[in-house]
Amino acid sequence: MSTTRKLWLGLTALLVVSFSILLWAGTEIFRAAPPMPERVVSVDGEQVFSRADIEQGRQVWQSIGGMQLGSIWGHGSYVAPDWSADWLHREALDVLDQWARSDFGAAGYDALSSEQQGTLRARLLPLMRSNRYDPDSATITLPRERVIAAANVAAHYISLFGNDPATATLREAYAMKNDTVDTLEHRRALTAFIWWTAWAAGTERPASTDASAPTSSTQPQAARVTYTNNWPSDPLIGNTPPPSLWLWSVFSVLFLIAGIGALGWWYAVSHSREDGTHTIPASDPFSALKVTPSMRATAKYFWVVLALFLSQILLGAITAHYQVEGQEAYGFALAEYLPYSLARTWHTQLAVLWIAVAWLATGLYIAPALSGHEPKFQRLGVNFLFVSLLIIVVGSFAGQWFAVMQKLGLEHNFWFGHQGWEYADMGRFWQWYLFIGLLLWLTLVGRSLWPLLRGPAHESKSIIALMFLSTVAIGLFFGAALMWGEHTHISEVEYWRWWLVHLWVEGFFEVFAAAVMALIFTRLGLIKTSTATVAVLFATIIFMAGGVLGTLHHLYFVGTPTAVVALGASFSALEVVPLAFIGFEAWQTYKLGQATPWMARYRWPIMFFVAVSFWNLVGAGLFGFLINPPVSLYYMQGLNLTPLHGHTALFGVYGMLGIALMLFCLRGLRGQMVWDTRPLKVAFWSLNIGLSLMALLTLLPLGIMQLIAAISHGYAYARSAQFMQQPIVELLVWMRVPGDTLFSIGALALSWFVLRLWVSPKREVLAGATEVV
């Protein structure tokens, strides 16, 4: 049996097993999810909240931006607090204040002696952590103290989300516009939803939903877990990392070490067998490439890529500035027209959109380039898809503006407004439209590749098949965004949302990119097709071995049982394994760029590929594993160490890769023009140095400060206005300016370079004309 066939069988078996376990994990998450009560009542039978209140409150939360304004269970934005942690801590303090007044006649808990405070804290633990949910009646019964505390905290939130002068300073600190929620009725409903998320974070789960998490009173406190596995950290109510988090964090490190050792052995064996007999062509094989009408039609996709990229940078600067002024931009009341939650929504969506459009355009360009086949009406399909993408962007963004400005109405928000889920914010109508668009993209790419796929066997057929299958996966797996409804349980939504964010963006797009890069290098004649085939199949197996089940590391604290934590910790560690050897890939890519004189034409695309390798190691590997182990993420989730990984991985890896692929396509589309690559040099170094400064001067030190605060004083404090409004924090935010400025210069230089290819271009006089360097 050939090596290629063995690798295909191994990849197939791996995917079948991995997705079977991932689906099983989903059933466990759905089974162990925190219950949604029909009624929340006091011990006297008086109703505090109803299920209708909680459900409507969630609709309100989604309409104002959801995860783009603060976070829930640690998922979301970073300027406003995590509402679950904030409510839980405020409620606990309110109960302690009640007891301090009734038992000791003190003004409040802070006025008590250390001994008295210790007595009340011991009394607080069972009050807050005991599970008083009755599954038969679907009712939660609250003690009198918690009913009073809930009413007091609710009054604070009603004031905060309105226009009360008493909370104006706090609104500004949280970058919230006045009247974030439009009516008193909706503000009251919102408090019911936030209360429920806090209740789940502080209430111990029944032993029947997680056999590894006993809740008997005979067990030590550390052995008991809440529905969110004791997240957030709050020593006041006994929320500390359970033993399972420590155990599986240790095992994740062991899996990482074992994986690196195994892969190192494979590298040593496989590289020792290379014969070095491959001959590189004397001239550029792509120089004679015939550009078909549909390939030429992809040019406008790349123009839109740059427009979206520049818009994303502008919105990123606005969201960063909100952290300093709160509601204004240099005195202008920006929040009244472009609230923080909306600016961040568009910023995060554009990050995915411009990268995705670059990759989609690459697929449309590369498929007929490989096959030499231009199907009938292919150009029409490319143009139709382009118009559809513009309609989706404009339509979904407009709907989100109307939603956040509270002009759309709750009845229309889910379908046409703001869903509130980070990276899956657009309304359901626009998600369906995008899904159909991706199926059209799949059809367009597939019909161009079909002659190669159905034709006789050839050396590159396996790589082309892998590219086609990844195209199928990209088209179909966006369907994960359609798996939840408006009132689906949050734990279930989070499960499917990470199928979208992790598997779609980080998984199958990565396989697609690896296949496209392999095809480019083989068609250029730089590497043997047989070698590339084995390498890309093996790389896909290695990545998917950790990537599929590694999805679960995002789900440690969303109502999941311990088994899911164990799987997520183990396999997310394997995601980092191939990144430990990324230096080999970077060096190999760089050597290919120096392999022959005519490769000077591809110098800067190659350099961007090298940057992908660097940021894969640093952003995805180093900063990714920093937050991946369960006990690390327990403290770091939702702190600035999370966007440290997010920025350096999303742009550093996928953004740089999108730019590299775009430049390769442009070399074919405008290769007959003289390329003045000086702007590309400026773009390359400005983007990379700017991203590095953003990470090292702001996100890393601020994240470390928050981490120390979370460990020392609890998660609520690390996300509070009291902590985030310190002068040192404001200084660190301003320290983003040098990096952001340099980054923006790089984006403008890249845009200028592309613009000059169409505006006043200079045509090469001789076939061997050199570039201006």
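Residues numbered from 1 in each chain as written. Predicted model: local features only at pLDDT ≥ 70, side-chain atom pairs only at ≥ 80, totals over all residues. Heavy atoms only, no water.

### With respect to the overall build of the protein chain
The helix and strand inventory of the protein chain stands at 27 helices and six strands. Computed over its C-alpha atoms, the radius of gyration of the protein chain comes to 27 Å, within 12% of the 28 Å expected for a compact globule of 773 residues. Taken along the three principal axes of its C-alpha coordinates, the protein chain extends 95 × 60 × 45 Å. Of all 773 residues assigned to the protein chain, the portion counted as buried reaches 61%. Contacts spanning at least 24 positions in sequence make up 78% of the contacts within the protein chain whose residues lie at least 6 apart. (Helix = DSSP H or I, 4+ residues; strand = E, 2+ residues; numbered from the N terminus. Rg over C-alpha atoms; globule rule 2.2 N^0.38 Å. Buried < 20%, exposed > 50% of the residue type's maximum accessible area, 1.4 Å probe, protein only. Contact = heavy atoms within 4.5 Å.)

### Description of the nonpolar core
Counting 262 residues, the largest nonpolar core has Trp83, Leu124, Phe161, Trp195, Trp359 and Met467 as the members making the most contacts within it. Top contributing element to this core by residue count: helix H16 (residues 490-523), with 23 residues. When near neighbours in sequence (up to four residues on either side) are disregarded, Trp359 contacts Trp441, Phe509, Glu510, Phe512, Ala513, Tyr654, Leu657, Gly658 and Leu661. (Core = buried A, V, L, I, M, F, W, Y, C linked by side-chain atoms within 4.5 Å.)

### Topic: a nonpolar patch on the surface
Together, Leu247, Val250, Phe251, Val253, Leu254, Phe255 and Ile257 give the surface a local cluster of nonpolar side chains, amounting to about 590 Å² of exposed area. Within the secondary structure layout, Val253 lies in helix H8 (residues 243-272). (Patch = residues over 30% accessible without salt bridge, like charges linked within 9 Å, V, L, I, M, F, W, Y side chains within 5 Å. Areas by Shrake-Rupley, 256 points an atom, 1.4 Å probe, with all protein chains shown as cover. Salt bridge = Lys/Arg side-chain N within 4 Å of Asp/Glu carboxyl O.)

### Some thoughts on the side chain of Thr292
Structurally, Thr292 is set in the loop between H8 and helix H9 (293-296). Within the structure, the side chain of Thr292 is placed 2.8 Å from the side chain of Glu374, a separation counted as a polar contact. In this structure, Thr292 is in contact with Pro368 and Glu374, ignoring residues within four places of it in sequence. (Polar contact = N/O pair within 3.5 Å; in protein donor to acceptor, adjacent residues only side chain to side chain.)

### Digging into the pairing of strand E2 (residues 47-50)
Bridge count between strand E1 (residues 39-42) and E2: three bridges; the pairing is antiparallel. The residue bridging Val41 from the neighbouring strand is Gln47, located in E2. If you look at the hairpin formed by E1 and E2, you'll find four residues sitting between the two strands, and Gly45 has a positive phi there, around 90 degrees. (Pairing = 2+ DSSP bridges.)

### Structural notes on the pairing of E1
Taken together, the four bridges between E1 and strand E6 (residues 139-142) define a ladder with parallel strand orientation. Residue pairing in the sheet places Val41 in a bridge with Thr141 of E6.

### Observations regarding the packing of aromatic side chains
Counted under the stated rule, the structure contains 53 aromatic pairs. Taking 5.7 Å as the distance between ring centres and 65 degrees as the angle between the ring planes, the aromatic pair formed by Trp83 and Tyr157 counts as edge-to-face. Here Trp83 is found in helix H3 (residues 83-104), whereas its partner Tyr157 is found in helix H5 (residues 144-160), with 74 residues between them in sequence. Trp83 gets classed as buried once you look at its relative accessible area, which sits at 1%. Residue Tyr157 is classed as buried on the basis of its relative accessible area, which comes to 1%. (Phe/Tyr/Trp six-rings, centres within 6.5 Å; stacked < 30°, edge-to-face > 60°.)

### Here we look at the pattern of salt bridges
Between side chains of opposite charge, a pair can form when the charged atoms approach closely. Per the counting criterion, the structure on display carries eleven salt bridges. Across the salt bridge formed by Glu422 and Arg344, the nearest N and O atoms sit 2.9 Å from each other. In this pair, Glu422 is assigned in the loop between helix H13 (410-416) and helix H14 (428-454) and Arg344 in helix H11 (residues 340-371), connecting sequence segments 78 residues apart. The shortest N-O distance in the salt bridge between Arg497 and Glu494 comes to 2.6 Å. One end of the pair is Arg497 and the other is Glu494, both in helix H16 and three residues apart, which spans about a single turn. Here Arg497 and Glu494 have matching classes, each one buried.

### Examining the environment of Ala200
Counting through the fold element by element, Ala200 comes out in helix H7 (residues 184-202). When its relative accessible area of 0% is taken as the criterion, Ala200 is described as buried. Counting along the chain gives 165 residues from Ala200 to Pro35, while the straight-line C-alpha distance between them is 8.4 Å.

### Describing the sheet that holds E6
Spatial strand order, E2-E1-E6-E5: four strands in an open sheet with mixed pairing. The open sheet has two free edges, formed respectively by E2 and strand E5 (133-134), since each of these has just one partner strand.

### Re the environment of Phe509
Note on placement: Phe509 falls in helix H16. Residue class for Phe509 comes out buried when judged on its relative accessible area of 3%. Taking the C-alpha atoms as reference points, Phe509 and Trp441, 68 residues apart in sequence, are found 14 Å from one another. When sequence neighbours within four positions are dropped, the list of residues in contact with Phe509 reads Ala356, Trp359, Ile474 and Trp504.

### Digging into H7
Between its first and last C-alpha atoms H7 spans 27 Å; for 19 residues at 1.5 Å apiece the expected length is 27 Å, and the two agree. When you tally the buried positions in H7, you get 16 out of 19 residues, the bulk of the element. (Expected span 1.5 Å × (residues − 1).)

### Things to note about unusual backbone geometry
Here the residue pair Trp231 and Pro232 is connected by a cis peptide bond, since its omega of 5 degrees sits within 30 degrees of zero. Take Pro232: it is sitting in the loop between H7 and H8. Even without being glycine, Asn229 reaches a positive phi, approximately 55 degrees. Tracing the sequence through the fold places Asn229 in the loop between H7 and H8. Looking at Asn229, the relative accessible area reads 0%, which means it is buried. Positive phi is not limited to glycine here, since Phe377 has a value of about 65 degrees. Position of Phe377 relative to the elements: it lies in the loop between H11 and helix H12 (378-404).

### Let's talk about helix H15 (residues 461-477)
End to end, H15 covers 24 Å across 17 residues, agreeing with the expected 24 Å (1.5 Å per residue, within 8%). With twelve of 17 residues buried, H15 lies mostly within the body of the structure.

### Some thoughts on the confidence of the model for the protein chain
Interpretation of the predicted coordinates at a detailed level should be avoided for regions scoring low in pLDDT. Per-residue pLDDT for the protein chain has a mean of 89; in total, 94% of the residues score no lower than 70. Between residues 211-218, whose pLDDT stays under 50, and residues either more than four places distant or in other chains, the model counts 16 contacts. With pLDDT under 50 throughout, residues 766-773 is counted as low confidence; its partners more than four residues away or in other chains account for 13 contacts. (pLDDT = per-residue confidence, 0-100.)

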